[in-house]
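Chain and residue survey
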Amino acid sequence: MRLLLVEDDVALREGLQQALTIQGFAVNAVATGGQALAVARSGDCDCVILDLGLPDIDGLTVLKQLRQKWTRLPVLILTARDGLDDRISGLDLGADDYLVKPFAAAELFARLRVIERRLGTAATHLVSIADVELDTSAMQLNINGHVTGLSRREYVLLKELMESAGRIKTREQLEASLYSWGEEVASNALEVHISNLRKKLPADFIRTVRGVGYSIARP
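A brief look at the structure comes next. On a predicted model such as this, the values are computed, not experimentally measured, just so you know. The numbering scheme is per chain: residues are counted from 1 as the chain's sequence reads. Residues qualify for local features only when their pLDDT is at least 70, as the model is predicted, and side-chain atom pairs are given and counted only at 80 or more; totals for whole chains, interfaces and linings, by contrast, use all residues. Side-chain figures throughout are based on the complete set of non-hydrogen atoms in the structure, without hydrogens or water.

Focus: the side chain of Lys159
Tracing the chain through its elements places Lys159 in helix H6 (residues 152-163). Only protein chains enter the calculation, and the probe is 1.4 Å; a residue is then buried if its accessible area is under 20% of its type maximum, exposed if over 50%, and partly exposed in between. A relative accessible area of 9% means that Lys159 is categorised as buried. Any pair of residues with heavy atoms lying within 4.5 Å of one another is described as a contacting pair. If sequence neighbours within four positions are ignored, Lys159 has contacts with Glu116, Leu134 and Thr136. Helix and strand definitions follow DSSP, with helices as H or I runs of at least four residues and strands as E runs of at least two, each counted in order from the N terminus.

Considering the nonpolar core
The biggest cluster of nonpolar side chains holds 26 residues, and the ones touching the most others in it are Leu158, Met162, Leu201, Phe205 and Ile206. Among the secondary structure elements, those contributing two or more residues to this core are strand E6 (126-129), strand E7 (132-135), strand E8 (140-143), H6, helix H7 (171-178) and helix H8 (189-200). Per-element accounting of this core gives the leading share, six residues, to H6. Core analysis: the next-biggest nonpolar cluster, separate from the first, contains 21 residues, Leu50, Leu54, Val75 and Tyr98 among them. The term nonpolar core refers to a set of buried residues drawn from Ala, Val, Leu, Ile, Met, Phe, Trp, Tyr and Cys, joined through side-chain atoms within 4.5 Å.

Regarding the pattern of salt bridges
By convention in these notes, a salt bridge is any Lys or Arg side-chain nitrogen within 4 Å of a carboxyl oxygen on Asp or Glu. Inspection of the entire model under this criterion finds 11 salt bridges. A salt bridge links Glu7 to Lys101, with the nearest nitrogen and oxygen atoms 2.8 Å apart. A residue pair is termed long-range when its members are at least 10 positions apart, and Glu7 in the loop between strand E1 (2-6) and helix H1 (10-22) and Lys101 in the loop between strand E5 (97-100) and helix H5 (105-119) qualify at 94 residues. Residue class for Lys101 comes out partly exposed when judged on its relative accessible area of 22%.

Here you go:
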């Protein structure tokens, strides 16, 4: 899932971006409401994590504009405003969830997993196809009872393909899930990750669709 993180506190923004990246998310982090709306217009995010105390536009105003144009884009609010009226205002304007600072990172991750399930990108924390099982909570691969380690990008790539079993994922779609905005991508990076994954998976588990991308067959 591609996240847009809108937070003006530099230390918190950088810390959250690193933590969310480790959890397997592709994260674009910006500091202002104007930047957030610009990224949203590009259509390059699946969920917004929005701070209310922004330097240029109030977060509730950003939320209102997001809702006017993108009614189904999930928005999770992060804020130091813990008053009941603020929470009600955010939820009434269409926020999907609300976390008051300070908060535990584990709680943020859990709430994002709920949003993933609601979006239909994950029905459960276990994704199983034949003898291959991916635990998205523990970020572990289990094949016939044998646990195999995965790098972060191998995990993200396999999760994307397994959750889309039966459908072809293009190179562009897979690279968007692997890399954050502005991150330089080597021309053969995707092939390298696919090759490494295939060494850990049953033969022919990942199928190459020549000239298009990759897919995993439905069980």
